[in-house]
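Commentary on secondary and tertiary structure
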Amino acid sequence: MTQLEPDLPGGYADALTTLKDLVREAQYRAQRVVNTAMIELYWNIGHTILQRQHEQPWGSKVLERIARDLRAEFPHMKGFSRTNMYNMRAFAAAWSGEEPIVQTPSGQLSWSHNVALLNKVNDHELRRWYASRAVQHGWSVAVLEHQIHTSLHTRTGAAPNNLEARLPGEGTDLAREVAKDPLVLDFLGLTEDAQEHALEEAMTLRLSQTLAEFGEGFAFVGRQYHLDVDGDDFFADLLLYHVSSDRYVVVELKVGKFKPEHLGYAQRDVMANSSFALAC
């Protein structure tokens, strides 16, 4: 919670809350725009594949080659898998009318929502019905799958559904679902480096909590700290100092699961200097 200084004008807290809400609302709008652009791209890819297959005998090997070539050209975009190529083709086939995909309910949903609709609903009109409800009520993918599994369309107009009644009406769950979709970050080129930078920023902002997690006796020295090891330049993500052991501690930040080479990389950086210790 923000600590307010005593000389701030009255109503400042309310104004700050309003500004924070404006920032979050703008973020959600931007995320939705990016998500819609990605959905349109995936539909266009699927539509192109359908057209080519209608004209020429494009089999599974061709789709595998397309996936491989697109990944090679756009390595940061993880959406170009073989499975996703088939999903894109099915997506374009499912929404093959004259209406642009961005004007359909599916154009406002995340790709995960659309894949769930493709896999769990065969009838097009029923698929549109569930897509419209998902947009209207802001369903997450889990809620959408639950409503499909329990055949919500057969219960509409009967006893009210408790799960649906608890959902917010402003699409909050849907907006969060879009925001955390890793394919949206990949689509923008926000790769692992950007995520690591964001992690570094968060750790710096929460420095007191972070140092407490390491234990007693740690002091913060710097971030992206320049080290000269035998004439070679290295930059430590975080450099700490441990008072009790009289050692510097280098912290190398990585996003994702631990890999053995991460440890080896850090060791090469610091082990040439005996005054450094390695934090894993």
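Residues numbered from 1 in each chain as written. Predicted model: local features only at pLDDT ≥ 70, side-chain atom pairs only at ≥ 80, totals over all residues. Heavy atoms only, no water.

If you check an unreviewed UniProt entry, the protein chain appears there as DUF1016 domain-containing protein from Paeniglutamicibacter gangotriensis.

1. Regarding helix H2 (residues 60–73)
As a reminder of what qualifies: Comment: elements are numbered from the N terminus, with helices defined as DSSP H or I runs of at least four residues and strands as E runs of at least two. Multiplying 1.5 Å by the helix residue count minus one yields the expected span of that helix. Throughout, exposure labels follow a simple rule: accessible area from a 1.4 Å probe, protein chains only, divided by the maximum for the residue type, with under 20% read as buried, over 50% as exposed, and the rest as partly exposed. To be clear, the arc concerns the directions from the helix axis to the C-beta atoms. Residue contacts are counted whenever heavy atoms from the two residues lie within 4.5 Å of one another.
With 14 residues, H2 extends 20 Å between its outermost C-alpha atoms, agreeing within 8% with the 20 Å of an ideal straight helix rising 1.5 Å per residue. Every buried residue belonging to H2 is among Leu63, Ile66 and Ala67, and all of these are buried. Seen along its axis, H2 keeps its buried residues to an arc of 95 degrees; they face one direction. Seen from the buried face of H2, the exposed residues on the opposite side, beyond 90 degrees, are Lys61 and Ala72. Buried residues belonging to H2 abut helix H1 (12–55) and helix H3 (82–94).

2. Quick notes on the pairing of strand E3 (residues 247–251)
Put simply, the rule reads: Between any two strands, at least two bridges found by DSSP are needed for them to pair.
The sheet contact formed by strand E2 (residues 232–242) and E3 spans 5 bridges and is antiparallel. Bridge pairing in E3 places Leu240 opposite Val249. With antiparallel pairing between neighbouring strands as the criterion, E2 and E3 make up a hairpin whose turn holds 4 residues, including Asp246 at a positive phi of roughly 55 degrees.

3. With respect to the environment of Trp43
Inspection of the secondary structure puts Trp43 in helix H1. Take Trp43: its relative accessible area is 14%, and that puts it in the buried class.

4. Looking at the pattern of salt bridges
Under the convention used in this document: The salt bridge criterion pairs a side-chain nitrogen of Lys or Arg with a carboxyl oxygen of Asp or Glu, the two atoms within 4 Å.
Using the criterion set out here, one finds 5 salt bridges in the structure. In this structure, Asp21 engages Arg24 in a salt bridge whose closest nitrogen and oxygen atoms are separated by 3.8 Å. On the criterion of helical spacing, the pair formed by Asp21 and Arg24 is a turn pair, its members being 3 residues apart in helix H1. Ionic pairing is found between Arg65 and Asp69, a salt bridge with its closest N-O pair at 2.8 Å. Here Arg65 pairs with Asp69, and both are found in helix H2, just 4 residues apart, close to one helical turn. Accessibility expressed as a relative area gives 37% for Asp69, which makes it partly exposed.

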